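Remarks on the overall topology
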Amino acid sequence: MIRNLKNKTKAVYAPADKAGAAAEKEKPAPLYAKQIKIHPKRVWGAFRKLKWVAMIALLSFYYIAPWFRWDRGPGIPDQALLIDISAQRAYFLWIEIWPQEVYYITGILILAALGLFLATALFGRVWCGFACPQTVWTDLYVWVERIIEGDRAARIRLDKAPYSKDKIFKRVIKHFIWLYIALLTGGAWIMYFVDAPTFINDLFFKGEITGNSLFFIGLFTVTTYLLAGFGREQVCTYMCPWPRIQGSMTDEDSMIVTYETWRGEPRAKPARDGDYSNRGHCIDCGNCVVVCPMGIDIRDGNQLECIGCGLCIDACDNIMEKLKLPKGLIAYDSVNRQIARSDGKAVKRKLVRPRTIFYAILLTLVTGVILYTFGTREHLEVNILKDRQPVFVTLKDGSIRNGYEVKILNKTQHLRSFLLNIEGLENPTMKLSGAIEQTRSIVIEVQPDDVKAVHVFVAVPRKELKSDKTEITFSFVEMDPGYSDGSLDILNELRENQKHQTTFNGPKK
Amino acid sequence: MAEEKKIDPIAGVETTGHEWDGIAELNNPLPRWWLWVFYACIAYSIGYMVVYPSIPLGDTYFSGTVGYSDRINVAKEIAAAKDAKKEYLDRIETSSLEAIRNDADLLSFSVVGGGAAFKENCVPCHGGGGVGGPGYPNLIDDDWLWGGDLEAIHETIVHGIRWDQDEDSRYSEMSAFGTDELLEPAQITEVTDYVLTLSGQEPTSAASAKAGATIFADNCASCHAVDGSGDREQGAPALNDQVWLYGSDFDSVRAQIHRPQHGVMPAWGGRLDEATIKMLTVYVHAQGGGE
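Residue numbers here run from 1 along each chain, matching the order of that chain's written sequence. Each chain is given a letter, starting from A, and each ligand a number, starting from 1, according to the order in which they appear as written. Per-residue local features of the predicted model are confined to residues with pLDDT of at least 70, and side-chain atom pairs are confined, for both listing and counting, to 80 or more; whole-chain, interface and lining totals are unaffected and use all residues. With hydrogens and water stripped out, all remaining heavy atoms of the structure feed into the side-chain values.

This part takes up the sheet that holds strand 10 (residues 416-423) of chain A. What holds strands together in a sheet is hydrogen bonding between their backbones, with the strands either parallel or antiparallel. Residue and element names in this part refer to chain A. Note on pairing: two strands pair once DSSP finds at least 2 bridges between them. Strands here are runs of E lasting at least two residues and helices are runs of H or I lasting at least four, both read from the DSSP assignment and numbered beginning at the N terminus. What the 4 strands build is an open sheet, ordered 12-10-14-15; its pairing is antiparallel. Both outer strands of the open sheet, strand 12 (442-446) and strand 15 (498-505), are each paired with one neighbouring strand and no more. Averaged over neighbouring strand pairs, the angle between their axes works out to 30 degrees when direction is ignored. Sheet analysis places strand 10 next to strand 14 (residues 469-479), joined by 7 bridges and oriented antiparallel. If you follow Ile422 over to strand 14, its bridge partner there is Phe474. Under this scheme, a helix contributes an axis fitted over its contacting stretch, all axes are lines through C-alpha atoms, and angles between N-to-C directions fall in the 0 to 180 degree range.

Before going further, it helps to examine the nonpolar core. All names here are of chain A. For this analysis, a nonpolar core means a set of buried residues of the types Ala, Val, Leu, Ile, Met, Phe, Trp, Tyr and Cys, connected via side-chain atoms within 4.5 Å. Throughout this description, buried means an accessible area under 20% of the type-specific maximum (1.4 Å probe, protein chains only), exposed means over 50%, and partly exposed covers the range between. Counting residues in hydrophobic clusters, the biggest one holds 38 residues, and the most contacted among them are Val257, Val291, Ile298, Cys312 and Ile330. Put simply, the parts of the chain that give this core at least two residues each are helix 2 (46-64), helix 3 (103-123), helix 4 (126-131), helix 11 (242-249), strand 5 (256-259), helix 13 (287-290) and helix 14 (311-323). At 7 residues, helix 14 tops the list of elements feeding residues into this core. Residue ranges for the domains originate in an automatic or database domain assignment. The residues that make up this core include at least three from each of domain 2 (46-246) and domain 3 (253-342). Contact criterion: two residues are considered in contact whenever any of their non-hydrogen atoms come within 4.5 Å of each other. Look past the residues within four positions of Cys312 in its chain and what remains in contact with it is Val257, Cys288, Val291, Ile298 and Ile330. Of all hydrophobic cores here, the second largest spans 23 residues; its members include Ile400, Tyr404, Val406 and Phe418.

Moving on to the interface of chain B and chain A. Of the residues lining the interface, 32 residues belong to chain B; the matching set on chain A comes to 33 residues. Interface area, chain B with chain A, both sides summed: about 2,800 Å², of which 60% is carbon and sulfur. Once two parts are brought into contact, the accessible area they lose, counted with a 1.4 Å probe and summed over both, makes up the buried area. For chain B, the biggest contributors to the area lost against chain A are Lys5, Ile10 and Trp33 of chain B; these three give 22% of the whole. A carboxyl oxygen of Asp or Glu within 4 Å of a side-chain nitrogen of Lys or Arg is what we treat as a salt bridge. For the pair chain B and chain A, the number of links is 0 salt bridges. At 3 residues, the largest contribution of residues to the side of chain B that touches chain A is made by helix 1 (residues 32-51) of chain B. Under the scheme applied here, ten amino acids are nonpolar (Ala, Val, Leu, Ile, Met, Phe, Trp, Tyr, Cys and Pro), four are charged (Asp, Glu, Lys and Arg), and all others, including Gly, are polar. Tallied by class, residues from the side of chain B that touches chain A come to 11 nonpolar, 10 polar and 11 charged. Sheet topology places strand 1 (residues 32-33) of chain A next to strand 3 (residues 30-31) of chain B; 2 bridges connect them, and they run parallel. Within strand 3 of chain B, the residue paired with Ala33 of chain A across the bridge is Pro31 of chain B.

Our next topic: helix 8 (residues 196-206) of chain A. Residues and elements named next belong to chain A. When helix 8 is considered as a whole, its buried residues turn out to be Ala196, Phe199 and Asp202. Down the axis of helix 8, the buried set is contained in an arc of 140 degrees. They therefore lie on one face. Among the exposed residues of helix 8, those pointing more than 90 degrees away from its buried face are Phe204, Phe205 and Lys206. Of the surrounding secondary structure, the elements contacted by the buried residues of helix 8 are helix 7 (165-191) and helix 9 (211-231). In this description, the arc belongs to the directions extending from the helix axis to the C-beta atoms.

All names here are of chain A. On the secondary structure map, Arg155 appears in helix 6 (residues 152-160). Here Arg155 falls in the buried class, since its relative accessible area comes to 0%. At 2.7 Å, the side chain of Arg155 forms a polar contact with the backbone oxygen of Pro40. When residues no more than four places from it in sequence are discounted, the contact partners of Arg155 are His39, Pro40, Val142, Glu145, Arg146, Glu149 and Gly150. Pairing of N or O atoms within 3.5 Å defines a polar contact, subject to two protein rules: one partner must be a possible hydrogen donor and the other a possible acceptor, and residues neighboring in sequence count only if both atoms are side-chain atoms.

This brings us to the domain arrangement of chain A. All names here are of chain A. Parsing chain A into structural domains produces domain 1 (1-31), domain 2 (46-246), domain 3 (253-342) and domain 4 (380-505). With 8 residues of domain 2 at the contact, the number on the domain 4 side is 7 residues. At the boundary of domain 2 with domain 4, total buried surface from both sides reaches about 600 Å², with 50% on carbon and sulfur atoms. Linking domain 2 to domain 4 there are 2 salt bridges.

With that out of the way, let us pick up the packing of helix 4 (residues 104-121) of chain B against helix 11 (residues 274-285) of chain B. Helices that pack against each other are described as a pair by the angle of their axes relative to one another and the distance between those axes. All names here are of chain B. Here helix 4 crosses helix 11 at 100 degrees, and the two axes come no closer than 7 Å. Comparing the axis directions of helix 4 and helix 11 gives the class roughly perpendicular. Residues Leu107, Phe109, Ser110, Val111, Gly113, Gly114, Gly115, Ala117 and Phe118 of helix 4 lie in contact with helix 11, whose contacting residues are Thr276, Met279, Leu280, Val282, Tyr283 and Val284. When the residues that make up the contact of helix 4 with helix 11 are grouped by side-chain class, the tally is 10 nonpolar, 5 polar and no charged. Oblique is the label for any angle not under 35 degrees, not over 145, and not in the 65 to 115 range, which are roughly parallel, roughly antiparallel and roughly perpendicular in turn.

So, in structure tokens, the structure goes:
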């Protein structure tokens, strides 16, 4: 269907294109093409407003978020959002993620992908047009460029003008501000991985910075400067895989930026008498083309480069308003609705369709799974590894002893102690590695936010063993750690008892 | 080139002529910056070859201008690791064994370090995991020939057992009652039967075991004690428990009385440094049998 619409559009233009192609026929196609510099013109309108709001909101979040504090108790970072690589912990508000739980991050990435699928199926490339860092920073850079060098026409003039004092001054100022923004971008990136106030304090008051921080600030400064200052639309068209993937996400009912070919064509200069009855509404003013940050002509139909930002809609609507023609010659609409309207029919928006339902169900399912696993997430993790060399030892009195490596992860910020008992054996005794006396049960203490590894020896009189392999259970009962500061109630809620199955080996009967 | 160009009717762009299921590949030109990136990569690779080791030259190689070497880096890393361990090793060397055992940090360091030293030096005889084998004592059970507390284990490791080159080596020898004809073969059978009863095993006949009791009291009890509980001072094994170095069945026990085998353990003092020996001691002690 998209093809059909494109054909309709092309049918109007084809002669010029064909003539060009015929002229090109003799020469071999060039292997490389120079980047055509795009100077997007300033535009006002609803979509431009939305872009400003999105830009301010996202940039504010990016620069301010690392400064939010979240008290987690003494000795633990109090940064609300922090990925502490050296301590191997990630902190998100009240959530603390251990490296073993990296699947939560995977889950969030899957959610992000599915969210992108759904958003694209419903509204086209809204991510590309409004939220992608490449779009946001490019927009910011273009804004800086416009303030210093002027709008499109002035910028084109300046580009062509020979170097003069004025030109050099403007260029130096522009690049200086660009680099400054880039530096702030790289600097803010670091804040998510180190404690922000400490970092700033060390840098500005002590003049200290680690090589690692310096490297990443440098990396993000350079990439921001190059990609937002120079790469711009080239990043979207040539580097990013998303434009290719989006082709399979959108369909004829997805809301995209469309041109009403049936109403706009044949285009011609504005009618002096204001009579548009025997011609198209498009006056070929080219405003939709000059405002486009991707440098395309939306009247050629939906195309790979279009990031769906809707600036051409704003530009065209402003013109239509002046001409007192209906707005929406370029509209945020679906291909199916455009085709129906070209036949004079009205079709409702079709947001609910098998594709979007499928994405929504997937999104709900994955969200559910993540919320469920997170809700039932344990703050105690126990791993038991049975000794294999030897599988058992015979003691002086004929008792049989097995050894187990027990690892206990305490994911809380409290000291915790656990009473360890063995179930499934008659008269077992235990001791920790290094201890001398065997006892009926043992107490294991685990420091806050720590992993405790102990070696436990379990012995049982030989006559109590029914076979060479007995299923036994390690039972951990959380004990009162004897807090006197009133935190006991909180701890009671977190109190966790666990049981873990393992085997006890003995000689063959 | 002589072929006629195919122009895609929709895009107005020449195609490569490659077509799959009606979908043709457009022959769009590459962006020129891509070419620059390509050249930059080539320039980088040339720089890389100059700076880093790159070209093999027979039995040597061009080592690059910055002298980068993985071999040197590994040596540096090992040296750094040794430095990092030094603080602990110094503390271990100056602390008493009991103090090491009671210090959680030193204990876990020693168990890991001792475990590594054990794998390098002890496993050939005492087996992986310290389980031993016939003639080689099991170190993780609770039966000890020469004592299982920290001091005793330390002494054994430092001076060894029946090790000629160390005057302080632990030494014991059991008479060869058979080959030296101290006892008649029938008497040996009888005392074997008696020894089996000490650990609750069935003798070949009750009468034989009863006769053996007297022989045991006369010949064996001085070292192995009247009740067969052994004597660690002399390195005489306990005969009334369930742990046997050379086997617990009639034939094994009889063979040991007839012509005893004696194991030898080298003295490790001097071969291993004191900190390593202490770590080994604490490691062996922590394997479940420590007293």
